[in-house]
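# Observations on chain architecture
In case you want the letters, here they are:
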Amino acid sequence: MRKLITLLLLLLPMVCHAYRDHRGRDLDSLERTISHWTAESLSKADEQARTAYCSTCRQLAWGYLQVDGPRSVYYAKRAIEAGLLSDDQRSIYDASILIGQYFWAREHYDSARVYYNQASAALAQMEAAWDDPDPHDLEAMQSRLWGTLGNFYAAQDSLEQFAYYYGKAGKVFEKWEWWEDCSTLHENIGEIYTDNGDLKLAKPEYEKALEFARQSGDSLIIAKAMYGLGRWHQESGHTAKALEYLTQAEEYFGEHAREEAYARADTLAVMNAAHEELYRNARMLAIGAFLVLLLTIGGSLLVRRLRLTRQELTETSAVLDETIEELRPETADARVELNDREKDIARLLVEGKTTQEIAEAVHLGTNTILWYRKRLYAKFDVHNAAAFATEVSKRGILD
């Protein structure tokens with residue numbers, strides 16, 4: 001689910017362009033400019049001073065977001081406090097979404113909901129007071145919140161709610177021809193449906209993602225859309241087609257090696273799985289061809305033996321039956337072998353633990369746990385946690 005953060009990151013430049021200038025500035029110097037303010041002095045300050053203070057707090061909140069989460073939240077809360085004093089609903093909206101995302105990324109959904117509700121209330125007040133005939137900025141803020149809420153509900157598997165908010169955001173994206181955001185939104189929808197095992201609904205979303213990506217002309221967006229289609233074909237058993245899309249995605253990701261190192265690694269992992277599936281199919285085909293050859297030879301011998309005696313026919317049939325049984329490929333119910341690490345993670349998955357909880361339990365990163373989860377799902381040929389738990393129980397892997 002953490003992939004869904006991509007949508008927020010793409011939306012931020014669209015609606016938070018005011019923050020671009022401070023990136024790279026010395027955050028310590030910004031902190032010094034407001035260090036003398038207290039709650040009491042701020043309450044007595046004039047509107048201009050409060051506005052400047054609030055703006056600086058927001059800059060600090062976004063500036064610290066990638067390097068110091070708690071400090072980012074601290075300044076976002078100060079921005080909200082200043083916004084309440086000045087009735088600055090835009091600052092309240094912006095800082096509330098930031099804090100909500102901080103809690104959402106850590107799966108503290110109740111805390112995230114509080115701040116998303118606060119952002120919704122601030123946006124409602126701005127909508128009521130909006131008098132600019134150009135709706136661009138307002139609709140940008142609306143779509144940003146809707147996309148954020150779509151992510152929020154998707155993380156909790158509330159598919160009806162996620163589809164509702166994503167749909168509203170998507171209409172705004174298409175209206176203003178924000179093709180990169182359109183592509184990312186539909187790619188995320190495809191990922192969600194795929195994670196829930198609904199491949200029929202996932203495919204058109206991946207196709208829309210690629211269509212919008214090509215309209216954008218952004219190679220990174222195109223790469224992500226192609227990865228999505230490659231994953232869909234891999235999950236659907238279309239190994240050759242999956243490799244075609246994944247190879248193209250890898251070529252596009254090659255232009256963004258530093259920015260998308262994780263995405264490229266994910267693509268390569270799916271490509272490796274597709275290659276293994278292709279080799280496995282080739283081996284099965286070779287075994288099948290060999291069996292057909294043996295049966296053909298055996299049939300010819302059988303016809304010749306029929307001209308001799310019934311006894312020879314019986315003996316030949318027995319030999320053929322034995323040969324076929326020995327050469328028969330392993331069935332799909334063969335026991336899956338897991339190493340100790342996979343067993344530990346599988347046991348926690350069956351217990352219903354979240355990715356974060358598993359990572360803490362086995363002392364690994366969340367990205368590594370996501371990789372193990374995909375690997376285990378692939379071994380058992382399932383697409384979600386419930387099906388995985390059922391398969392593990394049925395096969396007695398953890399007994």
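First things first, this report covers the structure right here in the doc. (Residues numbered from 1 in each chain as written. Predicted model: local features only at pLDDT ≥ 70, side-chain atom pairs only at ≥ 80, totals over all residues. Heavy atoms only, no water.)

### A word on the overall build of the chain
Summing up its helical and strand segments, the chain has 19 helices and zero strands in all. By residue count, 43% of the 399 residues in the chain fall in the buried class. Partitioning the contacts of the chain with sequence separation of at least 6, the portion at a separation of at least 24 is 61%. Within the structure as shown, the chain displays about 21400 Å² of accessible surface, and the carbon and sulfur contribution to it stands at 52%. (Helix = DSSP H or I, 4+ residues; strand = E, 2+ residues; numbered from the N terminus. Buried < 20%, exposed > 50% of the residue type's maximum accessible area, 1.4 Å probe, protein only. Contact = heavy atoms within 4.5 Å. Areas by Shrake-Rupley, 256 points an atom, 1.4 Å probe, with all protein chains shown as cover.)

### Quick notes on the packing of helix 11 (residues 199-216) against helix 12 (residues 219-235)
The geometry of helix 11 relative to helix 12 is characterised by a closest axis approach of 8 Å and an angle of 160 degrees between their N-to-C directions. When the axis of helix 11 is compared with that of helix 12, the two are roughly antiparallel. Handedness of the crossing formed by helix 11 with helix 12: left-handed. Facing helix 11, whose interface residues are Leu199, Ala202, Lys203, Tyr206, Glu207, Ala209, Leu210, Ala213, Arg214 and Ser216, helix 12 presents Ile221, Ile222, Ala225, Met226, Gly228, Leu229, Arg231, Trp232 and Glu235. Class assignment for the residues of the contact of helix 11 with helix 12 results in 12 nonpolar, two polar and five charged. (Axes fitted to C-alpha atoms, helices over the stretch in contact; angles between N-to-C directions. Parallel < 35°, antiparallel > 145°, perpendicular 65-115°, else oblique. Left-handed = near helix turned anticlockwise from the far one by under 90°. Nonpolar A, V, L, I, M, F, W, Y, C, P; charged D, E, K, R; others polar.)

### So, a nonpolar patch on the surface
A grouping of Phe290, Leu293, Ile297 and Leu301 is seen on the molecular surface, where their side chains present a nonpolar patch of about 370 Å² in accessible area. Secondary-structure assignment places Leu293 in helix 14 (residues 261-306). For Leu293, a relative accessible area of 46% gives the class partly exposed. (Patch = residues over 30% accessible without salt bridge, like charges linked within 9 Å, V, L, I, M, F, W, Y side chains within 5 Å. Salt bridge = Lys/Arg side-chain N within 4 Å of Asp/Glu carboxyl O.)

### Re the environment of Ala82
For Ala82, the position within the fold is in helix 5 (residues 69-86). A C-alpha to C-alpha distance of 5.7 Å links Ala82 and Cys54, two positions 28 residues apart in sequence. Among residues more than four places away in sequence, those in contact with Ala82 are Leu42, Tyr53 and Cys54.

### Remarks on the pattern of salt bridges
Scanning the entire structure with this criterion turns up 15 salt bridges. A salt bridge links Arg58 to Asp94; its shortest N-O distance comes to 3.4 Å. Highlighted residues: Arg58 in helix 4 (residues 47-64) and Asp94 in helix 6 (residues 89-105), separated in sequence by 36 residues. Residue Arg58 is classed as buried on the basis of its relative accessible area, which comes to 16%. Between Glu235 and Arg231 there is a salt bridge whose closest N-O contact spans 3.8 Å. Here Glu235 and its partner Arg231 are both found in helix 12, four residues apart, which amounts to about one turn of the helix. The exposure class assigned to Arg231 is buried, which follows from its relative accessible area of 9%.

### Details of the packing of helix 10 (residues 179-195) against helix 11
One can describe the packing of helix 10 onto helix 11 by two numbers: an axis separation of 7 Å at closest approach and a directional angle of 160 degrees. What the angle tells us is that helix 10 and helix 11 run roughly antiparallel. Relative to helix 11, the crossing made by helix 10 is left-handed. In this structure, helix 10 contributes Trp179, Glu180, Cys182, Ser183, His186, Glu187, Ile189, Gly190, Glu191, Tyr193 and Thr194 to the contact, and helix 11 contributes Leu199, Leu201, Ala202, Glu205, Tyr206, Lys208, Ala209, Phe212, Ala213, Gln215 and Ser216. For the contact of helix 10 with helix 11, the class distribution of residues is 11 nonpolar, six polar and five charged.

### Details of the side chain of Thr194
Note that Thr194 resides in helix 10. Since its relative accessible area comes to 1%, Thr194 is described here as buried. For Thr194, the side chain forms a polar contact with the main-chain oxygen of Gly190, separated by 2.8 Å. Among all residues touching Thr194, those that are not within four sequence positions of it are Leu199, Ala202, Tyr206, Arg231, Trp232, Glu235 and His383. (Polar contact = N/O pair within 3.5 Å; in protein donor to acceptor, adjacent residues only side chain to side chain.)

### Some thoughts on the packing of aromatic side chains
If you walk through the whole model with that rule in mind, you get 18 aromatic pairs. Site record: aromatic cluster; members linked through ring pairs are Tyr109, Tyr116, Phe152, Tyr153, Tyr164 and Tyr165. Its guanidinium or amino end placed over the ring of Tyr64, Arg71 lies 5.4 Å from that ring's centre, counting from NZ or CZ. (Phe/Tyr/Trp six-rings, centres within 6.5 Å; stacked < 30°, edge-to-face > 60°. Lys NZ or Arg CZ within 6 Å of the ring centre and 35° of its normal.)

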